[in-house]
Amino acid sequence: MSKIILKTNKLNKSFKSGTQEQQVLKNLDIEFYEGDYTVIMGSSGAGKSTLLYALSGMDRPTSGAIRFFDAEIADLNNDKLAVFRRKNCGFVFQQMFLLDNMSILDNILASGLLVSGDKKSIVANAKELLEKVGLTEMIWRKFPTQLSGGENQRAAIVRALINKPRVVFADEPTGALNSAAGNSVLDVLTEINNDGQNIIMVTHDLRSARRGNRIIYIKDGVISGECVLGKYVSGDKSRHDKLKAFLSEMGW
Amino acid sequence: MINSKPSCLKWGGKVKKLWMHAIANIRKSKSSSTTLVIMFLVAALLLNSGLLVVINYGSYFSNLKQELKSSDAYFAIPDKIYTDKVKTYIDKNEHVKQTQTLEGVVLEADILSKGEEKSFPIMFTNIEEKREISKWKYVGEHLPSEDMSVYIPDIFKAVSGYQLNDKIKLNYKDKETKEEKAITFTVKGYTEDVYFSSTDTGYISFYLPQDTYQKVKGIINKPENITHVVFTNLDNVKNVPSIENGIRDLVDLNSASLMAADPSTRLVVIDVELIQLARCMMATMISAMMVMFAIIIVIVCLLVVRYRIINSIEEDIMKIGSLKSVGYTSRQIILSIILQFSLIAGIGSLIGIALSYPVLPVVSTVFEQQSGLKWEQGFDAGVSGVAFLILLVIVLMIVLIAARHIRKLNPINALRGETTARKYKRNHIQLEKAHGNLPIALALKSVLQNIKQNVMISVILIIVTFFGVFGVIMYYNTTIDTKAFAEVPGMEICNAIAVLNPEKDQLETVKKIEKMDHVRKVQYLDEVKVKVEGMEVAAYVMDKYDKKETKLVYEGRYPKDNNEITLAGILAGRLNKSIGDTVTVGFGENKEHFKVVGLSNGSQMGGLNISILAKDYKRLNYNFKHQSLYIYLEKGTDAAQFVTDLENKFDKSMLLTAVNFDKGMEEGMASYQKIVAAMGLVMLVITLFVVTLVLYFVISSSVIRKKRELGIQKAIGFTTYQLMNQLSISFTIPITIGAVIGTLLGAFYTNPMMSLSMKSMGVMKAGFIVDPYWIISFGVATIVFSYLLSMVITWRIRKISAYALVTE
């Protein structure tokens with residue numbers, strides 16, 4: 001049995017809109033395991049991103065507990081969550097959210113130097129990762145506005161990895177990309193998962209979801225189903241069929 | 001048939017839409033609009049107040065002169081020397097067109113003023129004596145006279161607080177018996193006249209009913225207290241010195257110092273230009289500074305407006321794109337921006353102008369305390385209208401210039417936001433190579449990437465810090481160390497003056513004085529009248545100048561050898577002479593050539609004064625004998641007590657009079673010191689206020705513009721404090737640069753600026769103390785204050801949520 005890396009206990013999240021309160025996550029109990037590439041799916045408004053950001057410390061739950069490895073993070077204040085996030089979490093957003101006013105390399109170093117003062121090793125690590133994702137020196141000297149969506153997203157993945165996070169959280173990482181760029185990003189994510197990186201990804205894209213070994217389906221704020229696909233193998237039609245069947249069962 | 005709206009209605013409808021856009025934009029950015037309104041309020045308040053004082057206060061005095069038919073000069077001639085010869089000389093003088101003489105009783109008296117006894121040179125005059133020229137008038141309410149009633153100058157109400165029916169007690173010492181005496185009057189009203197209503201120059205007049213006047217004359221009962229005031233209208237007021245000199249020649253007077261002369265022969269001559277200078281000088285200086293400061297604030301406002309316009313265009317680029325795409329022309333969009341900022345500037349300016357009117361009485365009271373002029377300013381539509389228009393027109397110009405590139409904006413590109421994405425060309429401060437910690441490196445990056453904004457901040461800080469330092473220097477010199485301020489009039493500063501009988505052998509007396517307790521030093525310094533290149537001037541005469549304590553020479557030196565002369569700067573300018581040139585100095589029939597060895601500050605006789613050696617003057621005036629002995633006491637010695645000791649030690653045959661110089665200086669400078677100190681403080685406060693407003697404006701706008709960037713940084717793990725520090729450091733850098741430059745400029749250029757503004761007072765080169773500790777402390781305090789303020793303003797970053805950013 002794989003080690004539990006993340007666990008929630010009666011996780012609730014609601015949002016206030018005027019006098020109305022809308023409950024998005026309802027008493028969620030869920031576990032995430034080491035080495036998994038977990039994909040969270042569901043229809044629009046189901047609570048996927050809400051769950052992702054609660055798990056990653058980007059947002060605080062209304063009630064309930066979240067155990068992230070050894071740490072209880074549900075009650076941490078904003079600054080403590082920020083410190084927690086920088087050391088333990090890597091983020092890959094749909095909009096990339098790279099800083100436009102600095103080069104790709106600087107975007108990564110800004111994240112890396114936040115945690116470690118060892119500039120030499122951070123820089124070396126950053127360059128190595130950039131090369132690994134297929135970004136050459138010519139590219140990492142450029143500004144994000146000078147690169148394509150795929151290049152930016154791969155740079156964002158490097159930023160997410162620079163501090164050797166315990167979990168990479170990806171929110172629709174291919175949502176803003178064309179299929180070729182999207183595939184290149186998914187290849188990178190698959191590769192790092194194969195190297196042992198824990199990934200939790202939200203997506204509503206079938207092609208992206210296939211990359212995961214475990215699919216969790218959320219509906220109306222509760223887990224309505226789970227499916228284990230096993231490790232991704234390119235061209236494995238059976239996984240694709242299994243996923244489709246599962247999603248069909250979920251009403252997707 | 002198609003009905004179409006008349007064009008005027010169409011036009012009205014379009015303007016209404018543009019107006020709605022302008023209002024919506026103002027509402028959208030409430031805090032920055034409010035900040036701008038406040039800045040314009042301050043600018044308009046200062047500008048309107050300054051203009052009203054510059055334009056109306058100056059003309060107020062001119063109008064008063066006309067109203068009261070003031071003469072060109074008056075000669076207050078003690079009864080002892082008011083001989084028939086003198087009377088005839090004046091009446092028959094070729095320059096004199098009209099005269100009017102009245103009798104006055106003079107008395108040097110101490111009067112309680114705000115809890116302190118102050119000395120005033122009072123002249124009692126009879127209210128019933130008719131005047132054709134140099135009239136006087138009541139100011140405000142006055143009551144009918146009774147026994148021992150007095151009508152006093154308005155300054156005694158404004159400064160000393162004497163109300164109607166209050167008792168006013170004049171304490172004086174009988175010069176012969178040394179007995180302390182007093183006369184008490186009841187205040188029945190307040191007066192204004194051109195010459196005798198201020199405490200700065202000549203006498204101050206107390207008007208008495210006829211019988212009270214006779215009574216007072218009987219009480220005082222000393223011939224030396226009777227003076228004859230001869231008001232004269234001349235062909236040219238510049239001829240006053242020649243007439244004065246003529247009188248002095250006639251009665252053989254060789255000293256012109258008001259303070260150091262025997263009262264029985266003290267001739268007081270004041271002309272209308274001098275009285276105008278004395279009574280309006282402070283107001284003129286302050287109003288000029290108000291206008292100058294207002295201009296600075298206006299410039300700061302306009303820099304901020306331009307910055308705001310450019311930013312708001314950037315922020316609203318998509319909205320502008322959508323407006324263009326639905327058919328709004330560039331002209332209409334620019335017009336809505338004009339309406340927006342005109343409204344902001346208009347509201348701020350109107351409130352500022354309105355507020356300047358209640359503020360003016362405060363300013364007027366300050367002037368009144370120094371000049372005795374009760375100036376009341378009502379609403380002046382002309383001046384206020386001009387102030388309002390100036391601000392609006394300048395804002396309009398700035399908007400047109402800043403918003404002009406809207407014309408070139410392509411709607412499609414604007415809608416896509418392509419034009420908002422700044423095209424960064426250089427990656428300043430590469431983190432790979434940067435030294436120092438991450439927040440500092442990121443702050444430096446930000447500084448270099450926002451170079452235009454930071455140049456603006458630096459420029460604003462240079463300007464306001466410059467004036468802040470100016471304020472610090474003024475405050476320091478009028479409150480902490482007043483030595484330099486005391487030197488402004490150009491007098492030698494001692495503690496007491498002994499006026500000795502020139503007909504007697506003074507050697508022993510001088511030795512005795514020198515040996516008295518607490519006496520540091522004594523030296524002769526006399527003031528006489530001579531002619532330089534045919535021009536009447538005052539001359540300082542000393543045996544040696546190396547022991548002079550108040551060094552007024554700003555170029556060259558004092559005379560050391562025979563036939564050397566130092567000219568006051570104004571005189572040198574008039575004669576077109578400089579160091580190395582030769583001038584002719586004459587007294588009576590005697591003339592000699594003197595070499596100019598130095599130029600000095602000094603306002604005596606309107607800046608027409610010189611310094612020469614006593615031995616040289618003695619050759620020109622064989623009868624000259626030293627008379628005024630300047631006495632310098634140890635620090636902390638009570639000059640009043642010393643003067644009493646002096647008077648007790650020597651009888652009147654040798655010691656004609658003893659003057660408490662400390663007291664005279666203190667009383668003379670007090671009102672100026674208070675005003676300048678207050679002005680310095682106000683400038684400091686306004687500096688801090690402007691810095692606060694500008695920083696609040698720029699930093700708040702920056703936080704809003706950088707919301708996305710800050711959200712991303714939060715998402716990747718920067719804490720609120722780290723981001724606050726990063727932003728604050730990035731602002732502190734241009735602030736520091738601006739503050740350092742402004743402080744240095746203020747330290748180096750305050751004296752040249754003061755020289756320029758005080759030139760007419762004979763101060764060619766101001767020497768105010770620029771204390772480095774105070775200046776540096778001010779600069780450091782500005783920087784620290786700005787950093788702390790930045791931290792407070794950036795505290796709002798805590799509201800920027802990484803989650804909100806990613807889920808938007």
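Above this text you will find the structure in question.
Rules behind the numbers
Residues numbered from 1 in each chain as written. Chains lettered and ligands numbered in written order. Predicted model: local features only at pLDDT ≥ 70, side-chain atom pairs only at ≥ 80, totals over all residues. Heavy atoms only, no water. Helix = DSSP H or I, 4+ residues; strand = E, 2+ residues; numbered from the N terminus. Rg over C-alpha atoms; globule rule 2.2 N^0.38 Å. Buried < 20%, exposed > 50% of the residue type's maximum accessible area, 1.4 Å probe, protein only. Contact = heavy atoms within 4.5 Å. Areas by Shrake-Rupley, 256 points an atom, 1.4 Å probe, with all protein chains shown as cover. Lys, Arg positive; Asp, Glu negative; His and termini not counted. Charge placed at Lys NZ, Arg CZ, Asp CG, Glu CD. 1 Å grid on protein atoms, 1.4 Å probe; cavity = no way out; pocket = protein on both sides within 12 Å on 5 of 7 lines; lining within 4 Å. Points joined across faces, edges and corners; volume = space filled by probe spheres on them. Nonpolar A, V, L, I, M, F, W, Y, C, P; charged D, E, K, R; others polar. Pairing = 2+ DSSP bridges. Axes fitted to C-alpha atoms, helices over the stretch in contact; angles between N-to-C directions. Salt bridge = Lys/Arg side-chain N within 4 Å of Asp/Glu carboxyl O. Polar contact = N/O pair within 3.5 Å; in protein donor to acceptor, adjacent residues only side chain to side chain. Expected span 1.5 Å × (residues − 1). Arc of directions from axis to C-beta.

**Student:** I would appreciate a short explanation of the overall build of chain A in the present structure.
**Tutor:** A tally of regular secondary structure across chain A gives nine helices and ten strands. A compact globule built from 252 residues should have a C-alpha radius of gyration of about 18 Å, and chain A, at 18 Å, falls within 12% of that. In terms of principal-axis extent, the alpha carbons of chain A reach across some 45 × 45 × 40 Å. When the 252 residues of chain A are sorted by exposure, 56% land in the buried category. Considering only contacts within chain A whose residues lie at least 6 apart along the sequence, 69% involve residues at least 24 apart. Working note: accessible area of chain A is about 10500 Å², and carbon and sulfur atoms make up 47% of it. In chain A, the 33 positive side-chain charges and the 28 negative ones have mean positions that sit 1 Å from each other.

**Student:** Which parts of the structure should I look at to understand empty space enclosed by the protein?
**Tutor:** Leftover empty space is mapped by rolling, across the atoms, a probe with the size of a water molecule. Summed over the entire model, instances satisfying the criterion amount to seven cavities of 30 Å³ or more. Roughly 140 Å³ of internal volume is contained in the largest cavity. Lining of the largest cavity is provided by 15 residues; of these, B:N25, B:D316, B:K319, B:I337 and B:Q340 occupy positions nearest its centre. Mapped by element, the contributors of at least two residues to the lining of the largest cavity are helix 1 (7–28), helix 7 (272–315), helix 8 (317–325) and helix 9 (330–371) of chain B. If you tally residues by element for the lining of the largest cavity, the top one is helix 9 of chain B, at four residues. By volume, the second largest cavity is sized at about 100 Å³. Together, 14 residues line the second largest cavity, and A:N101, B:L442, B:S446, B:E709 and B:Q726 are the ones closest to its centre. Residue assignment for the lining of the second largest cavity shows that the elements contributing at least two residues are helix 12 (438–449), helix 20 (707–715) and helix 21 (720–757) of chain B. Considering each element in turn, the lining of the second largest cavity owes the most residues, five residues, to helix 12 of chain B. Considering only residue class, the lining of the second largest cavity consists of five nonpolar, six polar and three charged.

**Student:** I'm lost on the pairing of strand 12 (residues 519–524) of chain B in this one. Help?
**Tutor:** Two faces, one strand: in a regular strand the side chains alternate between the faces of the sheet. Residue and element names in this part refer to chain B. Strand 12 sits mainly inside the fold: five of its six residues count as buried. In this structure, strand 12 lies alongside strand 20 (residues 628–633), joined through five bridges in antiparallel fashion. Of the residues in strand 20, the one forming a bridge with Q523 is Y630.

**Student:** Can you help me understand the sheet that holds strand 9 (residues 214–219) of chain A in this one?
**Tutor:** Paired through their backbone hydrogen bonds, the strands of a sheet run either parallel or antiparallel. All names here are of chain A. What the six strands build is an open sheet, ordered 6-7-8-3-9-10; its pairing is mixed. Each of the sheet's edge strands pairs with one partner strand only, and the pair in question is strand 6 (89–92) and strand 10 (222–228). Between one strand and the next, the sheet's axes are offset by a mean angle of 20 degrees, whatever the strand orientation. Here four bridges tie strand 3 (residues 37–42) to strand 8 (residues 198–202), and the two strands are oriented parallel to one another. Considered in strand 8, the bridge of I40 is made with V202. Each of strand 3, strand 6, strand 7 (167–171), strand 8 and strand 9 touches helix 1 (residues 48–55); the most contacted strand, strand 7, lies at about 155 degrees to it.

**Student:** Help me understand the pairing of strand 5 (residues 149–153) of chain B, please; the structure alone is not making it clear to me.
**Tutor:** Residue and element names in this part refer to chain B. In terms of burial, strand 5 is a largely internal element, five of the five residues being buried. With five bridges connecting them, strand 5 and strand 7 (residues 180–193) associate as parallel partners. Residue pairing in the sheet places V150 in a bridge with V187 of strand 7.

**Student:** In this structure, what is going on with the interface of chain B and chain A? I would like to understand it.
**Tutor:** Note: interface size is frequently given as the accessible area lost on complex formation between the parts. Facing the 34 residues of chain B at the interface are 33 residues of chain A. Seen at the junction of chain B and chain A, the total is four salt bridges. The partner of A:D100 in a salt bridge is B:R708, with the nearest N and O atoms 3.6 Å apart. Counting across the interface, chain B meets chain A through 14 residue pairs in polar contact (both at pLDDT 80 or more). Top contributing element to the side of chain B that touches chain A by residue count: helix 20 of chain B, with six residues. Considering only residue class, the side of chain B that touches chain A consists of 15 nonpolar, ten polar and nine charged.

**Student:** Please clarify how the pattern of salt bridges should be interpreted in this entry.
**Tutor:** Two side chains carrying opposite charge are able to pair once their charged atoms lie near each other. Tallied over the entire structure, the rule returns 34 salt bridges over all chains. A salt bridge links B:K188 to B:E146; its shortest N-O distance comes to 3.2 Å. Within this pair, whereas B:K188 is found in strand 7, its partner B:E146 is found in the loop between strand 4 (136–138) and strand 5, the two being separated by 42 residues in sequence. Take B:K188: its relative accessible area is 5%, and that puts it in the buried class. What emerges from the salt-bridge pattern is a single network uniting A:K127, A:E137, A:R141 and B:E432.

**Student:** What exactly am I supposed to notice about unusual backbone geometry here?
**Tutor:** Peptide bonds are, in most cases, trans, and in most cases residues other than glycine have a negative phi. At A:N27, a position not held by glycine, the phi torsion is positive, near 45 degrees. The residue A:N27 is located in strand 2 (residues 20–33) in this model. Look at A:N27 and you get partly exposed, because its relative accessible area is 47%. For B:S134, which is not glycine, the phi torsion reads 50 degrees and is therefore positive.

**Student:** Quick question: what am I supposed to make of helix 10 (residues 381–402) of chain B here?
**Tutor:** Every α-helix carries 3.6 residues per turn, so stepping three or four residues along brings you back to the same face. Residue and element names in this part refer to chain B. Here helix 10 contains 22 residues, and its C-alpha end-to-end distance of 31 Å stays within 8% of the 32 Å for a straight helix at 1.5 Å per residue. Within helix 10, burial applies to V383, S384, A387, L391, V395, I398, V399 and A402. Along helix 10, the residues classed as buried sweep out an arc of 145 degrees about the axis, all on the same side. Close packing links the buried residues of helix 10 with helix 2 (30–67), helix 7 and helix 9. One side-chain oxygen of the residue at the start of helix 10 lies 3.0 Å from the amide nitrogen of G382, identifying that residue as D380.

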